[in-house]
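# Tertiary structure, described
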Protein chains: 2
Amino acid sequence: MAKEKKFVEAITSRDEDFAQWYTDVVKKAKLIDYTSVKGCMVYRPNGYAIWEEIQKDLDARFKATGVQNVYLPVLIPESLLQKEKDHVEGFAPEVAWVTHGGGAKLEERMCIRPTSETLFCEHWAKVVQSYRDLPMVYNQWCSVLRWEKTTRPFLRSKEFLWQEGHTMHATHEEAEARTLQMHKVYEDFIREDLAIPCIVGRKTESEKFAGAEATYTIEALMHDGKALQSATSHFFGDGFAKAFGVQFVDKNNELQYGFETSWGLSTRIIGAIIMVHSDDSGLVLPPRIAPTKVRVIPIAQQKPGVIEGARELLAKIREAGFTADIDETDKMPGWKFSEQEMVGIPLRVEIGPKDLEKGQAVIVRRDTREKYFVALNEITVKIGEILEQMQKDMYNRAEEFLNSHIDTAVTMEEMITKFDTNPGFIKAMWCGDENCEDEIKAQTMGATTRCIPEKQEHLSDVCVCCGKPAKHMVYFGKAY
Amino acid sequence: MAKEKKFVEAITSRDEDFAQWYTDVVKKAKLIDYTSVKGCMVYRPNGYAIWEEIQKDLDARFKATGVQNVYLPVLIPESLLQKEKDHVEGFAPEVAWVTHGGGAKLEERMCIRPTSETLFCEHWAKVVQSYRDLPMVYNQWCSVLRWEKTTRPFLRSKEFLWQEGHTMHATHEEAEARTLQMHKVYEDFIREDLAIPCIVGRKTESEKFAGAEATYTIEALMHDGKALQSATSHFFGDGFAKAFGVQFVDKNNELQYGFETSWGLSTRIIGAIIMVHSDDSGLVLPPRIAPTKVRVIPIAQQKPGVIEGARELLAKIREAGFTADIDETDKMPGWKFSEQEMVGIPLRVEIGPKDLEKGQAVIVRRDTREKYFVALNEITVKIGEILEQMQKDMYNRAEEFLNSHIDTAVTMEEMITKFDTNPGFIKAMWCGDENCEDEIKAQTMGATTRCIPEKQEHLSDVCVCCGKPAKHMVYFGKAY
């Protein structure tokens, strides 16, 4: 038992030191390792497998809406990056520059893509001729690089993995509809597959993407009351098309500019999964995106027939379509339980000599540690039921937490007090002036506008900050 | 018909100008587009979809052998690249260097990975402690960059997509066995899924990977008689482990160095698929990796009931599990056929008013243009059968071509003549001296040793070049 304790004690308590708890979980669950390039990480098998599950589910949702996958170069020439003024201002300060290749200095330096709007537009300017060629509904799974100074696993790193969708349309309306469609795809994915409730809406001018006309965001609430921007969808109007000369001949034989969108979700979302669901025993994964659903753990495995019975059970579980493994090492059962809990496998199935006698096994849920004694001939049905229930319960618990951390404020005093006593989202009225956003950020020690929700409430007539007439109800929060 | 002709005429004849034919197919099938960065390409939807199929099939084969996917950084610090002498000599001349990031000059420049042995070893040096941690059997799907001067779509580009597997083992034997296991995985994949026959064997000293003890290769024969190295597997011994300090405590509590392997297959293989199977009408794809298996083409679609009948048929085909689409555009049927042939969809199903009356449709095979008149209630079974037959026939035709382009030579005169008259692989005896490889290359205008096959034949006692005692029978070929 001493060893087991040591294993679990390696995790700092979540309530004691949230940041250290997070780092401990990431490390002990073997998700990430550091490298000699500060801010660039190794995604270890346990971490990358979660990303693979996310890719699989999200990619299927994309393709169901007609998205086609492509791959564009990792390098962007400086002159290309500079074609759209707002965009280059937003990204130029944080890119990495390639200056030499093949032993020689380059005529023009190139950056490693921080995002690929420019490359997509360059391509479209060449291949789009007629309205018949539109829409172009593209996506790529790749890594991008932004020279961040302070980095944290998944949440902020120089290089990270993501998908970036880019589309070009014949009309303003169609492009806007696509932006909102992808915004909804993200929301459904995050709620249904990741069991993470969220608030959704439009970004204010100061928070929107460099070069966009409008940015839509999904904001989730972490267990420490901080917000995490989880996926964004941008509508560009025809700004980029004009900057890059993406023109097409319309049905009336007239030359028009196209309308563009882009939308992305990154490995950041794995940070959200950890910070919404996990606990002091380690990772808790929603069953739908858990790479391994079940681990079989034989008890008293040296006794005759136990290993064989456990292996039979494993085969049966796999046959029923659940990813599963078995821990046959010579460690003590308690140690094995701790490891299974640490890496976030949703269910463990314990089977020992007495269980075999009775023709049963014990299923234990990762999130609640609830135990189920189940007859072996019913076990695969039961596993399916418990996984489904667990997915629902995890969403409901997270939603309860979210709801109890959304509050309102009509004065600055109220807002400041509420951010101190019950950090989360605070709804407040806002005049639309960027100065008030700055002022609120300063007075609350960091709260920013997270989004303007579509469903507006009338909390007061005036801005929470300056007292001038209010334009919008906004969600404020302190963000990662 | 004028338009149709123009569409097909855009492809140069394969026998007239192979290189131009290749470029035409790549372009007209919309696989690749060029960018403003010379040698970096856009993988368009039709091209990337083939890569996705390759990924799906090969990844499943990897995982069946216990491979785990990971992701390591895109950047390698110069000092890390330099740790293994042979490796840096092989790669340093062709890397791209990042010298600035976040607006400042870096203390140490970093290259964009040309391959990742160094990064994997750095990671293992940190996480491997005991024999219990081994083996590490990792793979990553990513892009790499090598500063090539002359580039061609798929075959040679600055940036390309690939998978790179890297493993670390406790013993020499286990690492060697893993190298050969992956070599066999590639061979099976290339034969079974890509319908490409090949010769396999070990590389000579001069042709092996920078830093490897042994390199195993899969060599395929293109339609112009040139060879294409299609996948390689490397055994490193403990050289890298020693250079990077990858050590573990063995069962006897003694400190040992690990043994390493790596193995890779890239988007180059798409070039092989094109150059082995395609024809003057465009792309021909082996059914197993064709992203879309069937295209339904309504004939006389303005007639009542035709579009509806075609859509019903499409739904039925999809329900049976075949990826399928439909061409409902207002183009002439002949034009639609040309397009379907150009992009390499294995089967088209034509359905018009007369077919509907008879309760049938016409299936046309892409490779042979063979026609099958099939009753609608048997069509999905028939589609499955034809696809399977097509896969087999494509392999058999390619194998026949390969076999008729393998010859032997016991003198240099014979070798030179044979490379001139019937280019392909030539088997010959070799003394093992690098000078003879150079001499043969010079005299034949470019033939190199492709591999030393495991199954040796005794063609003569002496080296085809110098007349000294022969050590191996070697396959020679002119390679892409």
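The structure presented is a predicted model; accordingly, all values stated were derived computationally and were not measured.

Judged by nonpolar contacts, the single largest core of 136 residues is most densely connected at I54, L265 and I274 of chain A together with I54, L265 and I274 of chain B. If near-sequence neighbours (up to four positions away) are discounted, I274 of chain A is found in contact with W21, Y22, V25, V26, L31, F154 and L283 of chain A.

When two helices pack together, their arrangement is given by the angle between their axes and by how far apart the axes lie. All names here are of chain B. Put simply, helix 3 (residues 45–64) and helix 9 (residues 268–277) touch, their axes get as near as 10 Å, and they point 105° apart. By the angle class used here, helix 3 and helix 9 are roughly perpendicular. Every residue of helix 9 that contacts helix 3 at G47, I50, W51 and I54 is listed here: I269, I270 and I273. Its residues placed into classes, the contact of helix 3 with helix 9 shows six nonpolar, one polar and no charged.

Looking now at the environment of Q340 of chain A. Residues and elements named next belong to chain A. Relative to the helices and strands, Q340 is located in helix 11 (residues 333–342). Since its relative accessible area comes to 1%, Q340 is described here as buried. Linking Q340 and R366, residues 26 residues apart in sequence, is a C-alpha distance of 8.5 Å. Setting aside anything within four residues of it in sequence, one finds Q340 in contact with R295, I297, I345, L347, R348 and R366.

Right, let's get into the confidence of the model for chain A. On average, residues of chain A carry a pLDDT of 96, and 98% of them reach 70 or more. Here the predicted complex scores 0.96 on pTM and 0.96 on ipTM.

Below, the discussion takes up the sheet that holds strand 21 (residues 425–430) of chain B. All names here are of chain B. The four strands lie next to each other as 20-21-23-22, forming an open sheet whose pairing is mixed. Strands with a single pairing partner mark the edges of an open sheet, and in this sheet they are strand 20 (406–408) and strand 22 (447–451). Here the average twist between neighbouring strands, direction ignored, is 40°. Here four bridges tie strand 22 to strand 23 (residues 472–478), and the two strands are oriented antiparallel to one another. Each bridged residue has a counterpart across the sheet, and for T448 the counterpart in strand 23 is G477. Sitting on the sheet, helix 15 (residues 434–443) touches strand 21, strand 22 and strand 23, and the angle it makes with strand 22 is about 130°.

Bringing the relation of the copies chain A and chain B into the picture now. It takes a turn of 180° to lay chain A on chain B, together with a shift of 0.0 Å along the axis; the resulting RMSD is 0.0 Å. Interpreted geometrically, this transformation is the action of a two-fold axis. In terms of proximity to the rotation axis, the leading residue of chain A is V98 of chain A, whose C-alpha is 2.1 Å off the axis. Here 100% of the interface residues in chain A have copies in chain B that are interface residues too; the copies meet face to matching face.

A word on the side chain of K158 of chain A. All names here are of chain A. Structurally, K158 is set in the loop between strand 7 (136–145) and strand 8 (159–169). No salt bridge is formed by the buried K158; the nearest opposite charge belongs to E148, separated by 8.8 Å. From its side chain, K158 meets the backbone oxygen of K38 in a polar contact 2.8 Å long. Residues in contact with K158, not counting those within four places in the same chain, are K38, G39, C40, V144, L145, R146, W147, E148 and T151.

What the rule picks out here adds up to 30 aromatic pairs over all chains. Arranged with centres 6.0 Å apart and planes meeting at 75°, the rings of F425 of chain B and Y475 of chain B form a pair that is edge-to-face. With F425 of chain B in strand 21 and Y475 of chain B in strand 23, this pair connects stretches of sequence that are 50 residues apart. Of the two residues, F425 of chain B and Y475 of chain B, neither departs from the other in class, the shared state being buried. Members of the aromatic cluster, connected to one another through ring pairs, are W51, F62, W141, Y186 and W263 of chain A. For R348 of chain A, the ring lying beneath its charged end belongs to F337 of chain A, and the centroid distance is 3.9 Å.

With that settled, consider the pairing of strand 11 (residues 227–237) of chain B. Residues and elements named next belong to chain B. Burial of strand 11 is extensive: ten of the eleven residues sit out of reach of the surface. Here strand 10 (residues 214–221) runs beside strand 11; their pairing, made up of eight bridges, is antiparallel. The partner of A214 across the bridge, within strand 11, is F235. Between strand 10 and strand 11, which follow one another and run antiparallel, lie five residues, and G225 among them has a positive phi close to 85°. By the bridge criterion, five bridges tie strand 11 to strand 14 (residues 259–266) in an arrangement that is antiparallel.

What follows covers empty space enclosed by the protein. Residues and elements named next belong to chain B. Within this structure, the stated rule accounts for one cavity of 30 Å³ or more. In this model, the largest cavity occupies a volume close to 30 Å³. Residue lining of the largest cavity: T23, V26, K27, I32, Y34 and P153, and that is the complete set. Of all the secondary structure elements, the ones that give two or more residues to the lining of the largest cavity are helix 2 (18–28) and strand 1 (32–34). Among the elements that take part in the lining of the largest cavity, helix 2 stands out by supplying three residues, more than any other.

Contact with chain A, which involves 51 residues of that partner, is made by 51 residues of chain B. Surface buried jointly by chain A and chain B totals about 4300 Å² across both partners, of which 58% is contributed by carbon and sulfur atoms. Together, P45, Y71 and W147 of chain A form the three largest contributors to the area buried by chain A at its contact with chain B, with a combined 14%. At the boundary of chain A with chain B, the tally comes to six salt bridges. The partner of R132 of chain A in a salt bridge is D330 of chain B, and the shortest N-O contact between them spans 3.9 Å. Taken together, chain A and chain B are joined by 27 residue pairs in polar contact (both at pLDDT 80 or more). No other element matches the six residues that strand 5 (residues 96–101) of chain A contributes to the side of chain A that touches chain B. A breakdown of the residues in the side of chain A that touches chain B according to their chemical character gives 29 nonpolar, eleven polar and eleven charged. Pairing between strand 5 of chain A and strand 5 (residues 96–101) of chain B: five bridges, direction antiparallel. Within strand 5 of chain B, the position partnered with G101 of chain A by the bridge is A96 of chain B.

Moving on: a negative patch on the surface. Taken together, the side chains of D15, E16, D17 and D280 of chain A present a region of like negative charge at the surface. Residue placement: D280 of chain A occurs in the loop between helix 9 (268–277) and strand 15 (294–298).

The next thing to look at is the pattern of salt bridges. In total, this model carries 66 salt bridges over all chains according to the counting rule given. Of the charged contacts in the structure, one is a salt bridge between E339 of chain B and K331 of chain B, with a shortest N-O distance of 3.2 Å. Connected through shared salt-bridge partners, R365, D367, E370, D393 and R397 of chain A make up one network.

It is worth spelling out the state of the cysteines at this point. Residues and elements named next belong to chain A. One pass over the full model with this rule turns up zero disulfides over all chains. Here C431 is not disulfide-linked; the sulfur of C436 is the nearest cysteine sulfur, at 3.7 Å. Note on C431: relative accessible area 12%, which makes it buried. Its sulfur unpaired, C451 is 9.6 Å from the next cysteine sulfur, which belongs to C198.

Definitions and cut-offs
Residues numbered from 1 in each chain as written. Chains lettered and ligands numbered in written order. Predicted model: local features only at pLDDT ≥ 70, side-chain atom pairs only at ≥ 80, totals over all residues. Heavy atoms only, no water. Core = buried A, V, L, I, M, F, W, Y, C linked by side-chain atoms within 4.5 Å. Buried < 20%, exposed > 50% of the residue type's maximum accessible area, 1.4 Å probe, protein only. Contact = heavy atoms within 4.5 Å. Axes fitted to C-alpha atoms, helices over the stretch in contact; angles between N-to-C directions. Helix = DSSP H or I, 4+ residues; strand = E, 2+ residues; numbered from the N terminus. Parallel < 35°, antiparallel > 145°, perpendicular 65-115°, else oblique. Nonpolar A, V, L, I, M, F, W, Y, C, P; charged D, E, K, R; others polar. pLDDT = per-residue confidence, 0-100. Pairing = 2+ DSSP bridges. Least-squares fit on C-alpha atoms with pLDDT ≥ 70 in both. Lys, Arg positive; Asp, Glu negative; His and termini not counted. Salt bridge = Lys/Arg side-chain N within 4 Å of Asp/Glu carboxyl O. Polar contact = N/O pair within 3.5 Å; in protein donor to acceptor, adjacent residues only side chain to side chain. Phe/Tyr/Trp six-rings, centres within 6.5 Å; stacked < 30°, edge-to-face > 60°. Lys NZ or Arg CZ within 6 Å of the ring centre and 35° of its normal. 1 Å grid on protein atoms, 1.4 Å probe; cavity = no way out; pocket = protein on both sides within 12 Å on 5 of 7 lines; lining within 4 Å. Points joined across faces, edges and corners; volume = space filled by probe spheres on them. Buried area = accessible area lost by both parts, 1.4 Å probe. Patch = residues over 30% accessible without salt bridge, like charges linked within 9 Å, V, L, I, M, F, W, Y side chains within 5 Å. Areas by Shrake-Rupley, 256 points an atom, 1.4 Å probe, with all protein chains shown as cover. Charge placed at Lys NZ, Arg CZ, Asp CG, Glu CD. Disulfide = S-S within 2.5 Å.

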